[in-house]
Amino acid sequence: MRISILINNFNYARYLGAAIDSALAQSGSALDAEVEVIVCDDASTDGSREVMARYGSRIQTWHSQENRGQASAMNAGLALSTGEWVLFLDSDDLLEPDALATCLPLMAEGVAKIQFQLQCITQDGSPMGRQIPYLLHDGDVRPLIERFGTYGGPPSSGNLYRRSAIERYFPLDEPAWRRAADTPPFLLSAFNGRIVSAPRPLGSYRIHSSANRARGCFGNISARHGDMLRIEAHRRATTLALLARQDGIDMASPPLHAPWNLRSRALSLRTEPERHPYPGDTLASLMRMQADSLAACPGYTWHERRAAQLWLLAVLLVPTSWATRMAISNTSSRIRRWFRQLRTHLA
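Structure report, in brief. Just so it is clear, the structure is predicted and the values come from calculations on it, not from any experiment.

### Some details on the packing of helix H10 (residues 259-271) against helix H11 (residues 283-296)
Logical step 1: In contact at an axis separation of 10 Å, H10 and H11 are set at 170 degrees when each is read in the N-to-C sense. By the criterion of interaxial angle, the relationship of H10 to H11 is roughly antiparallel. Between H10, through Pro259, Leu262, Arg265, Ala266 and Leu269, and H11, the contact on the second element is made entirely by Leu286, Met289, Gln290, Ser293 and Leu294.
Logical step 2: Across the contact of H10 with H11, the residue classes tally to seven nonpolar, two polar and one charged.

### Focus on the nonpolar core
Logical step 1: In this structure, Phe88, Val141, Ile145, Tyr151, Phe170 and Leu172 are the most contacted members of the largest nonpolar core, which totals 44 residues.
Logical step 2: For this core, the secondary-structure elements that each account for two or more residues are strand E2 (34-41), helix H3 (70-80), strand E4 (85-90), helix H5 (142-148), helix H6 (163-166), helix H7 (183-188) and helix H9 (225-247).
Logical step 3: In terms of residue count, H3 provides more of this core than any other element does, five residues in total.
Logical step 4: Counting residues in each nonpolar core, the second largest holds 38 residues, with Ile7, Ile59, Leu89 and Ile207 among its members.

### Considerations on the environment of glutamine 65
Logical step 1: Within the fold, glutamine 65 resides in the loop between strand E3 (60-63) and H3.
Logical step 2: In this structure glutamine 65 comes out as exposed when scored by relative accessible area, which is 72%.
Logical step 3: Considering only alpha carbons, one finds glutamine 65 and aspartate 41, 24 residues apart in sequence, at a separation of 9.3 Å.
Logical step 4: Ignoring any residue separated from it by four or fewer positions in sequence, one finds glutamine 65 in contact with Ala43 and Arg49.

### Side note on the pattern of salt bridges
Logical step 1: All chains considered together, the criterion is met by eleven salt bridges.
Logical step 2: Among the salt bridges present, the one from arginine 2 reaches glutamate 34, with a minimum N-O distance of 2.6 Å. You can see arginine 2 sitting in strand E1 (residues 2-9) and its partner glutamate 34 sitting in strand E2, a full 32 residues away along the chain.
Logical step 3: What makes glutamate 34 partly exposed here is its relative accessible area of 43%.

The rules behind the values
Residues numbered from 1 in each chain as written. Predicted model: local features only at pLDDT ≥ 70, side-chain atom pairs only at ≥ 80, totals over all residues. Heavy atoms only, no water. Axes fitted to C-alpha atoms, helices over the stretch in contact; angles between N-to-C directions. Helix = DSSP H or I, 4+ residues; strand = E, 2+ residues; numbered from the N terminus. Parallel < 35°, antiparallel > 145°, perpendicular 65-115°, else oblique. Contact = heavy atoms within 4.5 Å. Nonpolar A, V, L, I, M, F, W, Y, C, P; charged D, E, K, R; others polar. Core = buried A, V, L, I, M, F, W, Y, C linked by side-chain atoms within 4.5 Å. Buried < 20%, exposed > 50% of the residue type's maximum accessible area, 1.4 Å probe, protein only. Salt bridge = Lys/Arg side-chain N within 4 Å of Asp/Glu carboxyl O.

Structure (structure tokens):
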């Protein structure tokens, strides 16, 4: 069996070597599979080529002549690869040395994707003491996609796909997917088999955007909550349109918002109301949406649901400066994590 690790990169020379090293470290006596590492560079100007050149024939490389966005690098990597299983590793993230060896026993018939949590690390690689995502959904997640337009799962680097589960959706449309191009394989693989979760975190997700962290926006894509909501709506609608076009599955707009997206929606309304993309939102409507969402979303305990509701109510009622502080401190996740740890301890 061959597994392909496809690293997409744009101007991340400062992190790229560590990502490549973590991919190459997967080949070893504990892994009964062949690993190919392909690095696709989207016209970087920061010395990324020099980093790639250091590895010689240990990796395959692809270079774009112009910056065309994330989809172009993912398209190129998949076209060059030959693995039965494929992992799209972001060039600022890392894999644990035994990541693929841990996933190998999970590659059963009918499995479309193996997913795992990622440890959050800072720009310099220091652990932040938390993992993403908070919630993993597995098995047949199609009902969740129909209900929410998504399901609980990790960013790009935490997903190992069976090639046959995603290949027919490629090449992705480049103009539509300059960023967030990991969404189509994440959602559409679920329509081609089961989702299986590994038992522990098997990689690291680097959070290095100081502008994003200063506003309490999780990740590195957008520094504003309203923009995060617009990106999420685009990701969902464009991917479901691809599903209808490619598979003939016409899925209506989901009736509910995922609980984690309602966090951003509340913070957007409170911290930057002039940029909020949902002008009809009110305290009452958001509380009602969250109650419906939490009741329909599996994986939360009663205490975690109540903690999430109390946090949302606080964000909507406290002064704006406090709401901003709550966004930056990521209080909601901490409260839910505390309840989960308490439940585990009491059990």
